[in-house]
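# Observations on chain architecture
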Amino acid sequence: MAQHRERERDMVPNAGMQVASPGYYNPNPGGRVPVPSFPGLGSASGALSGVIMGAQHAAQQKINRELFVGNTPQGTSEMLLLQFLNGAMRRANLCGPTETPILNCRVNTKFAFIELSAAELANKALNLNGIPFLGAILKVSRPSKYAGPHVPSQTWQQLTGQSVPVINNNDIGGGGGGGGGTGGGDRDKINRELFVGNTTPAMTEAFLTDFLGNAMEQVGLNTKPGNPIAACRVSGKFAFIELRSPQEAANALNLNNIPCMGAYLRIGRPSKWSGTPDTHGNWEDILAKYMSGELQVGAAASSSVTTRVVELHNMLTSEDLEDENEYNEIMEDTRAECGQFGTLKSIVIPKANEPGATKIFLEYESPDDAAKAIQNLAGRTFDGRKVAAAYFDEGKFASKQFA
């Protein structure tokens, strides 16, 4: 720092001192050296910076005006889809009666992207989700690269009062003979699968499984004990998760817009899903209900079998586990606080990206000690989060099955 300040002093001229580049004539020796001006070059740097910022702003505005359209029938033409959706927006008063809100349409094999003339119209077009089109039910949502705020919307059925038409799933990909159509097992898997958008390279399959499963357990979105996420596949900037049951998949839609490692994850149905549009909230809605006590963690988050091991949820975040010194402090604070309720034999706090990350496991000398800990810890508020405490299986604890 001292050398830096010395250099700065050398660069500042003393009062009355003339400073000029070699060979530069100063016509005003008693005053400041005028800065030479070169037409067309003086503001080049600022102009270039302005061009770059303008391009970035334009790209972001385009993303805000763009929507994903999933489950398009095979052979759908861009012009037909463009005319159909523009007409639907006019009929539902989502735009003016003579307005053309959708400017462009790009169709791929089973999905498309539409670009609207304004971000506000894109927000309104989200209400097209669930609209019937050529024997299919279109899925309209934000593209995976969208990282803006969540905008509440309705389904087409809620907006218009229309019922969902019955789609004959046996005609989808129909084959000949007795095994034609989509098998029941395949349909069940589609009903249990969800799309996760806006992921980052640091979000591994194990991390997403644990992070999203923990979130569901913390606010009672699971229907039975354990992590409700059975599998996860990561692909670039998005992933797919498979839940244990269709009901838990429907519940997991409420995780939409959950913050994770500096990003907001988008949780929705995959493009191949063609069921009835879901009515659900987002993470902010669920968290607000949970914090107010309106949403209670169900029986799935606790066990009726008393054990010597206690599992704590909602006390830590992924960021708390990244720094080694902070991790050691958390371990010491937990030992001091939780040792008040009985003889504490051991503490396990899985580190970031390990199974069970953000949970705390306490092993007591007796079930009575564990019961006292649950009684004193459950419902406490920690950094604005409501702590959940429950018994944990001793066999799983011994074998380190913390997921």
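The structure presented is a predicted model; accordingly, all values stated were derived computationally and were not measured.

### Some remarks on the pairing of strand β7 (residues 193-197)
Working note: regular strand, side chains alternate between the two faces of the sheet. Across the five residues that make up β7, a large majority, five, are buried. Side chains Glu193, Phe195 and Gly197 project from β7 onto one buried face, and the interleaved Leu194 and Val196 project onto a second face that is buried too. Of the strand pairs in this sheet, β7 and strand β9 (residues 238-243) are connected by five bridges, and their pairing is antiparallel. Within the sheet, the bridge partner assigned to Leu194 lies in β9 and is Ile241. The pairing of β7 with strand β11 (residues 263-268) spans three bridges and is antiparallel. Each bridged residue has a counterpart across the sheet, and for Val196 the counterpart in β11 is Ile267.

### Some points on the sheet that holds β7
With antiparallel pairing, the five strands of this open sheet are ordered in space as β8-β9-β7-β11-β10. Looking at which strands have only one partner, the edges of the open sheet turn out to be β8 (229-235) and β10 (258-260). Here the strands of the sheet are splayed against their neighbours by 30° on average, with no regard to which way each runs. Note: β10 against β11, three bridges, orientation antiparallel. Each residue of the ladder has a partner; that of Pro259, found in β11, is Tyr264. Taken strand by strand, helix α7 (residues 205-218) contacts β7, β8, β9, β10 and β11, and its axis lies near 135° from that of β8.

### Side note on the packing of aromatic side chains
What the rule picks out here adds up to ten aromatic pairs. Above the plane of the ring of Tyr327 lies Lys351, whose end atom (NZ or CZ) is 5.0 Å from the centre.

### Quick word on a negative patch on the surface
Together, Glu319, Glu322, Asp323, Glu326, Glu329, Glu332 and Asp333 make up a region of like negative charge exposed at the surface. With respect to the helices, strands and loops of the structure, Asp333 is situated in helix α10 (residues 324-338).

### Re the nonpolar core
Counting residues in hydrophobic clusters, the biggest one holds 27 residues, and the most contacted among them are Leu194, Leu212, Ile241, Leu243, Leu255, Ile258 and Leu265. Of all the secondary structure elements, the ones that give two or more residues to this core are β7, α7, β8, β9, α8 (246-252), β10, β11 and α9 (283-292). Per-element accounting of this core gives the leading share, six residues, to α7. Those residues in contact with Ile241 that sit more than four places away from it in its chain are Arg192, Glu193, Leu194, Val196, Leu212, Ile229, Ala231 and Cys232.

### Describing the pattern of salt bridges
Per the stated rule, a full pass over the model turns up 14 salt bridges. With its nearest N and O atoms 3.5 Å apart, the salt bridge here joins Lys62 to Glu66. Glu66 gets classed as buried once you look at its relative accessible area, which sits at 1%. Here Arg192 and Glu242 are joined by a salt bridge, their closest N and O atoms 2.7 Å apart. With Arg192 in helix α6 (residues 184-192) and Glu242 in strand β9, this residue pair connects regions lying 50 residues apart in the sequence. Here Arg192 and Glu242 have matching classes, each one buried.

### Observations concerning the sheet that holds strand β6 (residues 139-141)
The four strands lie next to each other as β2-β3-β1-β6, forming an open sheet whose pairing is antiparallel. Only two strands of the sheet have a single neighbouring strand rather than two, namely β2 (102-107) and β6. On average, each strand axis in the sheet is tilted by 20° relative to the strand beside it, whichever way the strands run. With five bridges joining them, strand β1 (residues 66-70) and strand β3 (residues 111-116) adopt antiparallel strand pairing. What sits directly across from Leu67, in β3, is Ile114. Contacts from helix α3 (residues 78-91) reach β1, β2 and β3 within the one sheet, and its direction differs from that of β2 by about 140°.

### Side note on empty space enclosed by the protein
For the coordinates displayed, the defined rule picks out one cavity of 30 Å³ or more. For the largest cavity, the calculated volume is near 50 Å³. The wall of the largest cavity is formed by Phe207, Asp210, Phe211, Asn214, Ser318, Glu354, Ala357 and Thr358. In terms of residue class, the lining of the largest cavity is made up of three nonpolar, three polar and two charged.

### Quick look at α7
With 14 residues, α7 should cover 20 Å at 1.5 Å per step; its first-to-last C-alpha distance of 20 Å lies within 8% of that length. For α7, the tally of buried residues reaches twelve of 14 residues, placing the bulk of the element in the interior. All of the buried residues in α7 are Phe207, Leu208, Thr209, Asp210, Phe211, Leu212, Gly213, Asn214, Ala215, Met216, Glu217 and Gln218. Positive phi shows up at Gly220, right after α7, with a value of about 80°.

Basis of the calculations
Residues numbered from 1 in each chain as written. Predicted model: local features only at pLDDT ≥ 70, side-chain atom pairs only at ≥ 80, totals over all residues. Heavy atoms only, no water. Buried < 20%, exposed > 50% of the residue type's maximum accessible area, 1.4 Å probe, protein only. Helix = DSSP H or I, 4+ residues; strand = E, 2+ residues; numbered from the N terminus. Pairing = 2+ DSSP bridges. Axes fitted to C-alpha atoms, helices over the stretch in contact; angles between N-to-C directions. Contact = heavy atoms within 4.5 Å. Phe/Tyr/Trp six-rings, centres within 6.5 Å; stacked < 30°, edge-to-face > 60°. Lys NZ or Arg CZ within 6 Å of the ring centre and 35° of its normal. Patch = residues over 30% accessible without salt bridge, like charges linked within 9 Å, V, L, I, M, F, W, Y side chains within 5 Å. Areas by Shrake-Rupley, 256 points an atom, 1.4 Å probe, with all protein chains shown as cover. Salt bridge = Lys/Arg side-chain N within 4 Å of Asp/Glu carboxyl O. Lys, Arg positive; Asp, Glu negative; His and termini not counted. Charge placed at Lys NZ, Arg CZ, Asp CG, Glu CD. Core = buried A, V, L, I, M, F, W, Y, C linked by side-chain atoms within 4.5 Å. 1 Å grid on protein atoms, 1.4 Å probe; cavity = no way out; pocket = protein on both sides within 12 Å on 5 of 7 lines; lining within 4 Å. Points joined across faces, edges and corners; volume = space filled by probe spheres on them. Nonpolar A, V, L, I, M, F, W, Y, C, P; charged D, E, K, R; others polar. Expected span 1.5 Å × (residues − 1).

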